[in-house]
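The chain contents come next:
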Amino acid sequence: MQTNTKISITKDEIVPTAQKMRDDGRTLVMIHGHLDKEGRPVISYDYSLGAELACYEVVGEDTVPSIAPIYSAAAEWPEREINELLGFTFEGLDTSERLFLPDSMLEGKGQIIVTPINVLKEKNGLL
C-alpha cells in the first residue's frame, strides 16, 4: 500500500528539495497548481520512491523557480501547463510559445480560469 506524506516548504526550498529528490533516485510524479479556498496559489511537487509518495507544497507564491533543469521534461511540461492555465510563473522556464492554447485565444497569462466561455468564443470568432 502506498503512503502519502504532505510537507510544507517555502519557495526557497523548491530547488534544493528537487535536487535532493533527484540525487536520491526519486521520480517526479507530477507538479500540481491550483488556487485554494482563500484564492492563494498552491503549487505541489509529488515525488515517488516505491510505496512512498511525498508531496512538497508551497502556498501563497505565484512565482517560483523552475525545476526543469533538474527533472527535464518531467518538470517542464507540468510547469508550462500551470503557467498557461493559471498564470503562475516558473523562473527560468521558457514560455515563449504556448503549450496547447492557441496564441489568439487569450491575451496575457492565466486567463483561462477567469474568462467566461462566451468571451473566449467571441475572441475566436465562434459567436
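Residues numbered from 1 in each chain as written. Predicted model: local features only at pLDDT ≥ 70, side-chain atom pairs only at ≥ 80, totals over all residues. Heavy atoms only, no water.

Section: unusual backbone geometry
Even without glycine at this site, serine 72 takes up a positive phi of about 55°. Mapped onto the fold, serine 72 is located in the loop between helix H2 (68-71) and helix H3 (73-86). (Helix = DSSP H or I, 4+ residues; strand = E, 2+ residues; numbered from the N terminus.)

Some thoughts on the pairing of strand E4 (residues 52-59)
Of all 8 residues in E4, 6 are buried, a share of seventy percent or more. Strand direction decides the pairing type here: strand E1 (residues 3-8) and E4, joined by 6 bridges, are parallel. If you follow serine 8 over to E4, its bridge partner there is glutamate 57. (Buried < 20%, exposed > 50% of the residue type's maximum accessible area, 1.4 Å probe, protein only. Pairing = 2+ DSSP bridges.)

Thoughts on the packing of aromatic side chains
Within this structure, the stated rule accounts for 2 aromatic pairs. Taking the centre distance of 5.8 Å and the plane angle of 75° together, the rings of tyrosine 47 and tyrosine 56 count as edge-to-face. Tyrosine 56 shares its class with tyrosine 47; the two are buried. With centroids separated by 5.8 Å and ring planes inclined at 45°, the aromatic side chains of tyrosine 47 and tyrosine 71 adopt a geometry described as tilted. One end of the pair, tyrosine 47, is in strand E3 (residues 41-49); the other, tyrosine 71, is in helix H2, and 24 residues separate them in sequence. Clustering of aromatic rings is evident, with ring pairs tying together Tyr47, Tyr56 and Tyr71. If you follow arginine 80 out to its NZ or CZ, it ends over the ring of tryptophan 77, 5.7 Å from the centre. (Phe/Tyr/Trp six-rings, centres within 6.5 Å; stacked < 30°, edge-to-face > 60°. Lys NZ or Arg CZ within 6 Å of the ring centre and 35° of its normal.)

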